[in-house]
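Secondary and tertiary structure notes
As a plain string of letters, each chain reads:
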Amino acid sequence: MEHYYQPEIECASREEITRWQSERLVKQVRRVYENVPYYRQKMEEKGVTPDDIRGVEDLKKLPFLSKADLRDAYPYGLMGKPMKECVRIHSTSGTTGKRVVAFYTQHDIDLWEDCCARALMAAGATDEDVVQVSYGYGLFTGGAGLDGGSHKVGCLTVPMSSGNTDRQIMFIRDLNATVLCCTPSYAAYLGERMKELGLGPEDIPLKAGIFGAEAWSEEMRRDIEKTLGIKAYDIYGLTELSGPGVSFECSEQRGMHINEDHFIPEIIDPDTGEVLPDGTMGELVITAVDKEAFPMIRYRTKDICSLNREKCSCGRTHVRMTKPRGRSDDMLIIRGVNVFPSQIETVLLNHGYAANYQILVDRVNNTDTFEILVEMTPEMFTDSIGQIQQLQKTLSAGLQSMLGIRPKVTLVAPKTIARSEGKAVRVVDKRKI
Amino acid sequence: MSIKQISVFLENKPGKLFELTRLLADNGIDMRALSIAETTDFGIARLIVGDAYGAARVLREGQFIAQYSDVLAFAVPDEPGGLHRLLGAFNDAQVNIEYMYAVLGGEKGRAYMIFRVTDTEAAERALTERGLTPLAPEEMEAI
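This is a predicted model, so every value here is computed, not measured.

Of regular secondary structure, chain A possesses 11 helices and 21 strands. The C-alpha atoms of chain A give a radius of gyration of 22 Å, which matches the 22 Å a tight globule of 433 residues would have. Based on the C-alpha atoms only, the size of chain A along its principal axes is roughly 75 × 60 × 40 Å. Counting across all 433 residues of chain A, residues that qualify as buried make up 57%. Residue pairs at least 24 apart in sequence account for 66% of intrachain contacts in chain A once pairs closer than 6 positions are excluded. Per element, the accessible surface of chain A, about 17,700 Å² overall, is 50% carbon and sulfur. For chain A, the centre of its 54 positive side-chain charges and the centre of its 62 negative side-chain charges are spaced 4 Å apart.

On to the pairing of strand S20 (residues 408–412) of chain A. All names here are of chain A. Judged by how many residues are buried, S20 sits mostly within the fold: 4 of 5 residues are covered. Of the pairings in the sheet, the one linking strand S19 (residues 367–375) to S20 comprises 5 bridges and is parallel in character. When the sheet's bridge partners are listed, Glu371 is paired in S20 with Lys408.

Let's shift gears to the domain arrangement of chain B. Residues and elements named next belong to chain B. Domains assigned within chain B are domain 1 (3–69) and domain 2 (70–142). Taking only C-alpha atoms into account, the centre of domain 1 sits 22 Å from that of domain 2. Taken together, the 13 residues of domain 1 in the interface contact 15 residues of domain 2. Summing both partners gives a buried area of about 1,200 Å² for domain 1 against domain 2, and 57% of it is carried by carbon and sulfur. On the domain 1 side of the contact with domain 2, Ile3, Arg32 and Ser69 bury the most area, a combined 48% of that side's loss.

We now examine the layout of surface pockets. Residue and element names in this part refer to chain A. Estimated volume of the second largest pocket: approximately 1,000 Å³. Every residue lining the second largest pocket is counted, 37 residues in all, and those nearest its centre are Glu192, Lys195, Ala354, Thr377 and Glu379. Looking at the lining of the second largest pocket, the elements with two or more residues in it are helix H8 (184–196), helix H9 (218–228) and helix H10 (341–350).

Moving on, we get to the packing of aromatic side chains. Residues and elements named next belong to chain B. With the rule as written, the count across this model stands at 13 aromatic pairs over all chains. Both rings, one in Tyr53 and one in Tyr68, keep their centres 4.9 Å apart while their planes meet at 55°; by these two values the pair is tilted. On the criterion of sequence distance, the pair formed by Tyr53 in helix H2 (residues 52–61) and Tyr68 in strand S4 (residues 66–77) is long-range, its members being 15 residues apart. Between the aromatic rings of Phe74 and Phe90, the centroid separation amounts to 5.7 Å while the plane-to-plane angle is 75°, which identifies the pairing as edge-to-face. Taken together, the residues Phe74 in strand S4 and Phe90 in helix H3 (residues 82–92) connect sequence positions 16 residues apart. We classify Phe74 as buried; its relative accessible area is 1%.

Another aspect to go through is the side chain of A:Asp290. All names here are of chain A. Mapping Asp290 onto the fold places it in the loop between strand S11 (282–288) and strand S12 (299–305). At a separation of 2.9 Å, a polar atom in the side chain of Asp290 contacts the side chain of His262. Sequence-distant contacts of Asp290, that is, excluding residues within four places in its chain, are made with Arg24, Gln28, Arg31, His107, Asp108, Leu111, Asp261 and His262.

Strands sit in the order S2-S3-S1-S4-S6-S5 (chain B) across an open sheet of 6 strands; the sheet is antiparallel. Edge positions in the open sheet fall to strand S2 (31–38) and strand S5 (97–102) of chain B, since each of these has one partner strand only. Between one strand and the next, the sheet's axes are offset by a mean angle of 35°, whatever the strand orientation. The sheet contact formed by S4(B) and strand S6 (residues 110–117) of chain B spans 6 bridges and is antiparallel. Residue pairing for S6(B): B:Ala73 is matched across the bridge by B:Ile114. Helix H11 (residues 385–403) of chain A rests against S2 and strand S3 (42–49) of chain B of the sheet, and its axis sits at about 150° to S3(B). Packed on one face of the sheet, H3(B) meets S4, S5 and S6 of chain B and runs near 120° to S4(B).

Reading the values: the criteria
Residues numbered from 1 in each chain as written. Chains lettered and ligands numbered in written order. Predicted model: local features only at pLDDT ≥ 70, side-chain atom pairs only at ≥ 80, totals over all residues. Heavy atoms only, no water. Helix = DSSP H or I, 4+ residues; strand = E, 2+ residues; numbered from the N terminus. Rg over C-alpha atoms; globule rule 2.2 N^0.38 Å. Buried < 20%, exposed > 50% of the residue type's maximum accessible area, 1.4 Å probe, protein only. Contact = heavy atoms within 4.5 Å. Areas by Shrake-Rupley, 256 points an atom, 1.4 Å probe, with all protein chains shown as cover. Lys, Arg positive; Asp, Glu negative; His and termini not counted. Charge placed at Lys NZ, Arg CZ, Asp CG, Glu CD. Pairing = 2+ DSSP bridges. Domains from an automatic or database assignment. Buried area = accessible area lost by both parts, 1.4 Å probe. 1 Å grid on protein atoms, 1.4 Å probe; cavity = no way out; pocket = protein on both sides within 12 Å on 5 of 7 lines; lining within 4 Å. Points joined across faces, edges and corners; volume = space filled by probe spheres on them. Phe/Tyr/Trp six-rings, centres within 6.5 Å; stacked < 30°, edge-to-face > 60°. Polar contact = N/O pair within 3.5 Å; in protein donor to acceptor, adjacent residues only side chain to side chain. Axes fitted to C-alpha atoms, helices over the stretch in contact; angles between N-to-C directions.

Shown next as C-alpha cells:
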C-alpha cells in the first residue's frame, strides 16, 4: 500500500497546485523585491517589477540566480529575513568553488522536514520503522534533513552520521534498522564491508534505503539493492534549496516527484536560458516559493534532466524529474567530448568492477590525457598477465563505446582510491585552462 | 607433484614491493623463490614459501590480492646444457610453458627451476613418463 505524509498536498489536483504556486510566487516576489536589494537590482536591470508577476505564467519574466550570484552575495547578500528570525545555517562542502551558506527560519526548517518526511513515507517508512541516518550531520544538509523528516513521520531515528562503518553495521543489526539514509557511495561501501565480515543481506533487517547527494547510476542501484537486500530510493536536493527533499522517488521509481507546493521547476536551454517544453533535456531551474530566509528565485541548479507531467500510478500528482544525467559542474570536456562520471560508473559495474574509481585528466603537449584508476578485486585477479591485460582492454573498449573516447585504464591495489564516508572524489582535473 | 605458488597483484607505484617484503619479514616468512612479472602499469609477484596458506593470509590481511596457482619445480644440473636438456623433455612431451624462473640458493652443482605450464596435471604425467619427476613440496622445503 502506498503511504503519503501529506496526501491532500501530494495528490492535489493540477488546478490546486497551480493556484498555490501562483499565490505563493506573487507574494514571494514582492517580499524578495522589498527585502533583498541584490535581487531587486537584478529585477530592475531586467525591467520587471512585482506588479508584473501575477501567477506562475509570469515566472519566465524573472531574472535567473546562479552559483555566481551566490558567490557575489556571500554570505548575507541574499538573505530574505533579518538575522534574528533565522534559526540555523547549513553549508555546502565547497568542492566546486566557494562554499554556499544557506539560512533557515523555523518555517524553512519545517517545510524542508515535511519534504523529507514525504520522501521517507514514499520509500515505505511509517512510525513503526527504525531509520538510521548515516548522512553526515553538521553543516551538510543530508543528516539534518532526513533526521527531521524521520521525526515527522514518527520513526525511531538513529542519528549515526557517517563514518565508523563497523559500528554502523552493528547498529543496523542490533537496533533492527529498517531504513537507511546515506550517500549511495557510502551504501555501497557498507555493503562491501559487510561482505568482508561475511554478512549477507539476510543478516540485516534493512528493507529500504534513501540515497542522494551524489550522482549514481541504475547499475549502482541494483548493486546496492542486491548486497543490502533492500529497495533503494533516490532523493534530490541542493543546500541552496533547503537540502535533500526537493524531489524524491516513489514506489514506481520512474522519476522523482518535485515537491511542487514549495518548488516550481522549469527546464531551460543552458546556453540561451530559453524555457524548454516538458520531456526535453535541459538545465533544471527551481523557484522556491515559500522559503523565507534564503529565497531562491529561478535558481539555476546546473543539473541536466527533463520533466514528466504524466500521471504517476503511485497517486502523487506532482511533476517528476528524471535522475539528473550529471551536474553540468560534474561534466568534463575531454578532447572535446562531454564525459559524465556517472557514465563511467555504469560501464564499470557492467563489467563486474566495484563502482570505486577515479578519473585523472591532464593536458600534456596540448592534448588531454584521460586515465581511469580502477581497483583490482580478488575476483578479477589471475596469475596471468595476458588475462589481466585482456580485462583492461575490454574495459577500455567498453568505456570507449559509452563515451566516444578511449581512456587509459590503470589497475590499482584495493582500497587505495580514497573511500568516502561522505562524498567521493571522483575527478582529478589537473588541466590548467 | 605440483607445489603451491602465491601470485600477488602489485600496483606499479614506488614502495609497493617494499610493503610486500615488509609483511613477509614481519611475519618471519622465508621465500624459496621469487619472480616479478611487470607491465607498464602493474606487476605480479610470484613467490614460493614454506607455508603458502599462512603467507597468503598474511598478505590478504595486509590488503594485498593474493592467489594460489600450481607450478612444477625441477632440479637441473648446474652445468652448460642442463636447462636445455630439461626443456628437451618438455618439448618431447608437448608441454607449453607459460613462464619459468629460478629458485634462490640451492646446493652446489644443482639449480632449481619453477615452471608454470598450461595444464599442470597432464604436463606432470607426460614428464614423469620421460623420467622427469617434479619436486614434492617437502623436497622444495628442504632445498
